[in-house]
Amino acid sequence: MGTSRRQFLGLTAAAVGSAAVGITPAQANASCQATGTLYLGTYTSESGGGTGIGIASYDVATGRLTSTGVLAGVQDPSFLILSPSGRNLYAVNEQSSGGVTAIAVDSPGHLRVLNRQPNGGNAPCHLALVANGKYLLSANYGSGDIAVHPVRTDGSLGARTDLVKHTGSAPHAHQVLQDPTGNYVLAVDLGTDTIYTYTIANGKLSLKSQAKLKTGAGPRHLAFHPNGRYAYVAAELNSTITVCQYDGATGKVTPGAAQATAPAGPTNYPGEVIVSPDGRFVYLTNRGHNSVAIFAVESGGASLRRIGTPSCGGDWPRHVTLDPTGKLLLVSNQRSNNVTTFAVDIQSGGLTPKTSFTAPIPVCVLPG
């Protein structure tokens, strides 16, 4: 399939500039009592995009975000993750010759590039740290494969130790993550409509099982319920969310009922899916309907009931996350160049709009 991920979403690729690295001075704002740090992913090769990884502070009570700088020179960092210790940040370099970048977090908001490694694939779009942080895995959308890099003691990355290609019609690996037991790695492939279960040992992945969703569904991302027995899969191409049973002993995924993520209307492409810390609610971004779908979790995680689809406050909500308190939800609106914040009613799951923050092509927002 020749169409790239960004072409599919109405974007165009461009040449990437210099790899120079630097941090701009912080912009002080006495009226904002920040309670946390955010890292913002973008496309540096797109017109109007950023120059690297954005850095901001946020206040839970007001929802206000304040820009504090940028780590310039990291190329197309469209997805970011932190190490469990918070001392390292990792970014994909979503380019035709894909790579992954390791970054030291010297203190919150103060970043330093350690190294970059080519990952052997095309258009990496997702990352996971697995095996107690020993390996960084990246999902390559363009080439439909999963790359493995060892993590060194200083947080930098070693040379790739594996590259596992998905088989089937037009593979497009869109997510890779570790299961709640820590024993299995799951990869979600939009092109093959399949969730793959692997084990990892000595830097190599071994396929254990596959779970097939409806043909043409286009599974994009999944999120586990805190009890580990269920996973919720956002399907990009048929605008559904599917409840799957999960067997932590074997790593087997069993797809169940699917339902629409938005009311009938414009063509819609679900993006990110997350679960509240208490497991009572699921949130999902609707690109096209431009909303955040809210689902109540019922029957111990076995079923979902859609209870609302409030506006995302922008255009093309790519990514959604909760801050560590669970009281503030942040949405990255790719096409309107803004991040919106919402107060979360922990009892009802409802969202109350708070603020809008201008950012260049925000496609990932990560609380630090």
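Residues numbered from 1 in each chain as written. Predicted model: local features only at pLDDT ≥ 70, side-chain atom pairs only at ≥ 80, totals over all residues. Heavy atoms only, no water.

A closer look at the layout of surface pockets
Over the atoms rolls a probe the size of a water molecule, and in doing so it shows where empty space is left.
So, point 1. Of the pockets and cavities examined, the largest pocket occupies roughly 1,100 Å³.
So, point 2. Contributing to the lining of the largest pocket are 35 residues, with Phe79, Ile81, Ile274, Thr321 and Leu366 lying nearest its centre.
So, point 3. Those elements that provide at least two residues to the lining of the largest pocket are strand S5 (80–82), strand S9 (124–130), strand S13 (173–178), strand S17 (219–224), strand S21 (269–275), strand S25 (317–322) and strand S29 (364–367).
So, point 4. Looking at the lining of the largest pocket residue by residue, the classes come out as 25 nonpolar, seven polar and three charged. (1 Å grid on protein atoms, 1.4 Å probe; cavity = no way out; pocket = protein on both sides within 12 Å on 5 of 7 lines; lining within 4 Å. Points joined across faces, edges and corners; volume = space filled by probe spheres on them. Helix = DSSP H or I, 4+ residues; strand = E, 2+ residues; numbered from the N terminus. Nonpolar A, V, L, I, M, F, W, Y, C, P; charged D, E, K, R; others polar.)

Overview of the packing of aromatic side chains
So, point 1. Tallied over the entire structure, the rule returns three aromatic pairs.
So, point 2. For the pair Tyr196 and Tyr198, a centre-to-centre distance of 6.4 Å together with 20 degrees between the ring planes defines the contact as stacked.
So, point 3. Accessibility expressed as a relative area gives 3% for Tyr196, which makes it buried.
So, point 4. Geometrically, the ring pair formed by Phe224 and Tyr246 is edge-to-face, given 5.0 Å between the ring centres and 70 degrees between the ring planes. Of this pair, Phe224 sits in strand S17 while Tyr246 sits in strand S19 (residues 240–247), and the two are 22 residues apart along the sequence.
So, point 5. The class for Phe224 is buried, based on a relative accessible area of 15%.
So, point 6. For Tyr246, a relative accessible area of 7% gives the class buried.
So, point 7. Lying across the ring of Trp316, Arg335 places its NZ or CZ 3.8 Å from the centre. (Phe/Tyr/Trp six-rings, centres within 6.5 Å; stacked < 30°, edge-to-face > 60°. Buried < 20%, exposed > 50% of the residue type's maximum accessible area, 1.4 Å probe, protein only. Lys NZ or Arg CZ within 6 Å of the ring centre and 35° of its normal.)

Some words on the pattern of salt bridges
So, point 1. Under the defined criterion, the tally for this structure stands at four salt bridges.
So, point 2. Between Arg287 and Glu236 there is a salt bridge, and its shortest N-O distance comes to 3.3 Å. Of this pair, Arg287 sits in strand S22 (residues 281–287) while Glu236 sits in the loop between strand S18 (230–235) and S19, and the two are 51 residues apart along the sequence.
So, point 3. Taking the shortest distance from any N to any O, the salt bridge between Glu298 and Arg305 comes out at 2.6 Å.
So, point 4. Of the residues examined, Glu298 reaches a relative accessible area of 28% and is grouped as partly exposed.
So, point 5. One salt-bridge network, in which partners are shared between bridges, spans Arg220, Glu236 and Arg287. (Salt bridge = Lys/Arg side-chain N within 4 Å of Asp/Glu carboxyl O.)

Regarding empty space enclosed by the protein
So, point 1. Tallied over the full model, the rule gives one cavity of 30 Å³ or more.
So, point 2. Of the voids in this model, the largest cavity is the one considered here, and its volume is about 70 Å³.
So, point 3. Phe79, Arg220, His221, Arg318 and Val363 are, among the eleven residues lining the largest cavity, the residues nearest its centre.
So, point 4. Breaking the lining of the largest cavity down by element, the ones donating at least two residues are S17 and S25.

A look at the nonpolar core
So, point 1. Counting residues in hydrophobic clusters, the biggest one holds 24 residues, and the most contacted among them are Tyr39, Ile53, Leu89, Tyr90, Leu111 and Leu136.
So, point 2. Within the residue set of this core, elements represented by two or more residues are strand S3 (52–58), S5, strand S6 (88–93), strand S7 (99–107), S9 and S29. (Core = buried A, V, L, I, M, F, W, Y, C linked by side-chain atoms within 4.5 Å.)

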